[in-house]
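These are the residues of each chain, in order.
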Amino acid sequence: MPADIKARSWLNRVERWGNALPDPVFIFLGLIAVLICVSVAGSILQWHAINPLTGDTVVTQSLLSADNVRKLLTDMPDTMAHFPPLGLILVVMLGAAVAERSGLFTALMTRAMRDIPTRFLSPAIFLIGLFSHHAADAAYVVLIPLAAIIFASAGRHPLAGMAIAYAGISGAFAANLVPGQFDVLMMGITKSATSLLTPDHNLNPLGNWWFTAALGIILVPIAWIVNDSIVEPRLGKWTGNAPGNDIEQIHDPIRERRGLIYAGLFTLILVGIFAFLAAMPGYAPLIDDTAQGPSRLQPFYSALVAGFMLLFLGSGWIYGSVVGTVKSHRDVVRMMGEGLATLSPFLVIAFFAAHFIAMFGWSNLGPVLAINGAEWLRTLQLSTPLLLIILLVMSSVFDLFIGSASAKWTAMAPIVVPMLMLLGISPEMTTAAYRMGDSIFNIVTPVASNFVLVMVLAQRWDKTFGVGSLIALMLPFSIAIGLVGLCLVGIWTGFELPVGPSAPSTYQLTPR
């Protein structure tokens, strides 16, 4: 049997097994039940870890304790409201619903397809996904639905468009062609860890940029091959239409062209307003004057969520008014309501996912597992590449259960970074290996906060699409990204390449 046939057969089995699982709501209920049992056992057995940064003892907390039961019942509305992607999704969808239902997205994508060969869609969307890391979670709400429309407009399977976009946004999260706020955050955590050994050690916030940029460049053709050779052929030929009546077709090219011109003018005005808010001397609310370097742009990055909402709302409204799909402000309000209505399945699942994530944090199981797992590395007498590959694998395993990259690194870095510094590995290289491992399973773990969102978006094109379908769709990307990451970490440390500006992969501890 040819290799591609075997791969498809294997992925089909993965999909069947995954779709045989209960509804995601009951999956999270089961996970919560298991979590409660483990937390009770951990509390009885006094599972704990010592935070080397503070010296505090982190002890596993029973979720059946009086405090945690009280928190569960009294904070239920807050737990739901503070679910990370919830507010972002609702805000962006208010605008995106208008842009979609007015026909703007379809018109833009149709015209774009005239100039871009369909065979280059996969790398182009993946590359956009890499740059979208700076837009935080907004990319999930914006790029993934757009990618589906792009592929469908080109006569290709929309789920393949969603897959390559999801892979670029989340699966390749360790790859940054242009550094941003996440690089600063991670190196800041690393800096705190290095101070345990060398308080005066200076870290460049872009200290692993060469590695992350190289990873991004390598992953573009890899993801292209995976999507076009494995993922899309398995999906088959697309013969359907856009979901429901969401997208109204415009058959007057003159009005459509005029609508796009006016929508483009609005976009330029909005970009100018945001530039003014970020660059005006003496008045720049989107710049943090108290911070240094790229961190000064943190308010600007955070404001992109509002920016996307205003962009889609305003441009969609203007375009619809010109072509006739928006006849009054009442149509705009109706479109907003219809857009939010499509999120109702996500809102139901989000309630249970939010409580699972919150309860995991209350139990302290995350830091206890991370710290004790990192301690295990200390007992191994292995070469530098093998040590970093083990760190990569460990962070990827933790990623199946703990979503936040910064939370895991905050717990692990105080042990892993000093330990590997003593073994001759630079803090920048350690951080790069951790980030690589943290990206591999982002796109296949159902406990990831945006996994459910992507599944719901896919169900708009395929009503039978389930948990197993999404896992099988993304698993080839996950395997490919993992193999590339393992090889790249081994090559980088084996040849002792500089991991970033003024940051070698090796480290020589200077005695104090």
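Here we summarise the structure given alongside this text. It should be emphasised that the depicted structure is a prediction, and the values quoted were computed from it without experimental measurement. (Residues numbered from 1 in each chain as written. Predicted model: local features only at pLDDT ≥ 70, side-chain atom pairs only at ≥ 80, totals over all residues. Heavy atoms only, no water.)

**Considering the nonpolar core**
Counting residues in each nonpolar core, the largest one holds 136 residues, and the members touching the most others are Met474 and Phe477. Here the element with the most residues in this core is helix H21 (residues 467–494); it accounts for 13 residues. Not counting the four nearest positions on each side in its chain, Phe477 is found in contact with Ala163, Ile164, Ala167, Ala223, Val226, Asn227, Val231 and Ile443. Of all hydrophobic cores here, the second largest spans seven residues; its members include Val98, Met309, Leu313 and Val332. (Core = buried A, V, L, I, M, F, W, Y, C linked by side-chain atoms within 4.5 Å. Buried < 20%, exposed > 50% of the residue type's maximum accessible area, 1.4 Å probe, protein only. Helix = DSSP H or I, 4+ residues; strand = E, 2+ residues; numbered from the N terminus. Contact = heavy atoms within 4.5 Å.)

**Structural notes on a positive patch on the surface**
A grouping of Arg255, Arg257, Arg258 and Lys327 is seen on the molecular surface, where their side chains present a positively charged patch. Of note, Arg255 is situated in helix H12 (residues 253–279). (Patch = residues over 30% accessible without salt bridge, like charges linked within 9 Å, V, L, I, M, F, W, Y side chains within 5 Å. Areas by Shrake-Rupley, 256 points an atom, 1.4 Å probe, with all protein chains shown as cover. Salt bridge = Lys/Arg side-chain N within 4 Å of Asp/Glu carboxyl O. Lys, Arg positive; Asp, Glu negative; His and termini not counted. Charge placed at Lys NZ, Arg CZ, Asp CG, Glu CD.)

**Things to note about the pattern of salt bridges**
Oppositely charged side chains are able to pair whenever their charged atoms sit close together. Across all of its chains, the model carries eight salt bridges by this definition. Put simply, Arg101 and Glu338 hold a salt bridge, and the shortest N to O gap is 3.4 Å. One end of the pair, Arg101, is in helix H5 (residues 84–101); the other, Glu338, is in helix H14 (residues 329–341), and 237 residues separate them in sequence. On the accessibility criterion, Arg101 (4% relative accessible area) is buried. Look at Glu338 and you get partly exposed, because its relative accessible area is 33%. Between Arg156 and Glu232 there is a salt bridge; the shortest N-O distance is 2.4 Å.

**Structural notes on a nonpolar patch on the surface**
Where nonpolar side chains cluster on the molecular surface, the patch consists of Val34, Val38, Ile44, Leu45 and Trp47 and spans about 490 Å² of accessible area. Along the chain, Val38 falls in helix H2 (residues 24–44).

**Digging into the environment of Thr106**
Topologically, Thr106 is positioned in helix H6 (residues 104–113). Expressed as a C-alpha distance, the spacing of Thr106 and Ile150, which sit 44 residues apart in the sequence, is 8.1 Å.

**Let's talk about helix H17 (residues 384–399)**
For H17, which comprises 16 residues, the first-to-last C-alpha distance of 23 Å matches the rise-based estimate of 22 Å (1.5 Å per residue) to within 8%. Among all positions in H17, only Leu387, Leu388, Ile390, Leu391, Leu392, Met394, Ser395, Ser396, Phe398 and Asp399 are buried. (Expected span 1.5 Å × (residues − 1).)

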